[in-house]
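Below, each chain spelled out in residue letters.
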Amino acid sequence: MRLEGSCHCGAVRFSVESHEPVPFMRCYCSICRKTAGSGGFAVNLGADHATLQVHGREHLGVYRARMEDGRRSSGERHFCRECGTALWLYDPTWPDLVHPHAGAIDTALPGVPAVTHMMLGSKPAWVEAHVRPADKSFDAYPDESLAEWHRRHGQTR
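Just so you know, these numbers come straight off a predicted model, no measurement behind them.

K.L.:
Tell me about the overall build of the protein, and name the residues and values.
P.N.:
From N to C terminus, the protein includes two helices and twelve strands. Helices and strands appear in the protein in the N-to-C order β-β-β-α-β-β-β-β-β-β-β-β-β-α. Against the compact-globule benchmark of 15 Å for 157 residues, the protein has a radius of gyration of 15 Å, which places it among compact chains. Overall, the C-alpha framework of the protein stretches about 45 × 40 × 30 Å when taken along its three principal axes. Across the 157 residues of the protein, 46% fall into the buried class.

As structure tokens, this is what we get:
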């Protein structure tokens, strides 16, 4: 599925091909929550990095989070330097993947049959995780990847 995305001010526009376009996983870790999650979590999608096309690249900034042990994350969180919109995460550890933030996608995304809540151990007390009976919850990382979840739910595009 071809995804089109942009920042709020329009300085950056991008497109990417995604086989994992269902916005099902909510991450409550402090990095996602503070860089892209106004509701206390962030939602990332899975896409093919080789297909990423960017217009307005000169307006991009990259943030590499400082981890609790003091080292820098290998994950590169791309954002618009003009308006601050979180756009996508790229990690050279997995060079074939890029993870667009669902909130930056302009294309209509598929509905969500169930939600996976991850990193709930990092969730602050003020955030209420709305966990439904069909949802899965994890204090840290989930037991399946984005691709595995999409295959299990017949949602691979």
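Moving on from the model shown.
K.L.:
Go over the nonpolar core, please, and point to the residues and values.
P.N.:
Core analysis: the largest hydrophobic core is formed by 20 residues, its most contacted members being Val12, Phe14, Leu52, Val54, Leu87, Trp88 and Val98. Where this core is concerned, the elements lending two or more residues are β2 (13-17) and β9 (86-90). No other element matches the three residues that β9 contributes to this core. With residues near it in sequence (within four places) discarded, Trp88 still touches Phe14, Leu52, Val54, Leu60, Glu76, Arg77, His78, Val98, His99, Pro100 and His101. Residues Cys27, Ala65, Met118 and Leu146 belong to the second largest nonpolar core, which totals 13 residues.

K.L.:
Which residues make up the sheet that holds strand β5 (residues 47-48), and what values do they have?
P.N.:
Hydrogen bonds between backbone groups are what pair the strands of a sheet, and the pairing can be parallel or antiparallel. Judged by pairing direction, the sheet is antiparallel, and its five strands sit side by side in the order β5-β10-β9-β8-β7 without closing on themselves. Where the open sheet ends on each side, the last strands, each with one partner, are β5 and β7 (60-63). The pairing of β7 with strand β8 (residues 76-80) spans four bridges and is classified as antiparallel. Paired with Tyr63 across the bridge in β8 is Arg77.

K.L.:
Explain unusual backbone geometry to me, using residue names and the numbers behind them.
P.N.:
At Met119, a position not held by glycine, the phi torsion is positive, near 65 degrees. Within the secondary structure layout, Met119 lies in the loop between β11 (116-118) and β12 (136-137). Given a relative accessible area of 14%, Met119 falls into the buried group.

K.L.:
Which residues make up the environment of Cys29, and what values do they have?
P.N.:
Tracing the backbone shows Cys29 in the loop between β3 (25-27) and α1 (30-36). Those residues in contact with Cys29 that lie beyond four places of it in its chain are Met119 and Ser122.

K.L.:
Could you give me a rundown of the environment of His130, with the residues and numbers involved?
P.N.:
Within the element layout of this structure, His130 appears in the loop between β11 and β12. Along the primary structure His130 and Ala50 are separated by 80 residues, whereas in three dimensions their C-alpha atoms are 35 Å apart. Beyond its immediate stretch of four places on either side in the chain, His130 contacts His117 and Asp135.

K.L.:
So what's going on with the packing of aromatic side chains? Which residues, and what values?
P.N.:
Under the defined criterion, the tally for this structure stands at three aromatic pairs. Ring centres 3.8 Å apart and planes at 5 degrees place the aromatic pair Phe24 and Trp149 in the stacked group. Taken together, the residues span a long stretch of sequence, with Phe24 in the loop between β2 and β3 and Trp149 in helix α2 (residues 146-152) at a distance of 125 residues. What makes Phe24 buried here is its relative accessible area of 1%. Between Tyr28 and Phe41, the ring centres sit 5.5 Å apart and the planes meet at 55 degrees, which makes this aromatic pair tilted. Taken together, the residues Tyr28 in the loop between β3 and α1 and Phe41 in the loop between α1 and β4 (42-43) connect sequence positions 13 residues apart.

Calculation criteria
Residues numbered from 1 in each chain as written. Predicted model: local features only at pLDDT ≥ 70, side-chain atom pairs only at ≥ 80, totals over all residues. Heavy atoms only, no water. Helix = DSSP H or I, 4+ residues; strand = E, 2+ residues; numbered from the N terminus. Rg over C-alpha atoms; globule rule 2.2 N^0.38 Å. Buried < 20%, exposed > 50% of the residue type's maximum accessible area, 1.4 Å probe, protein only. Core = buried A, V, L, I, M, F, W, Y, C linked by side-chain atoms within 4.5 Å. Contact = heavy atoms within 4.5 Å. Pairing = 2+ DSSP bridges. Phe/Tyr/Trp six-rings, centres within 6.5 Å; stacked < 30°, edge-to-face > 60°.

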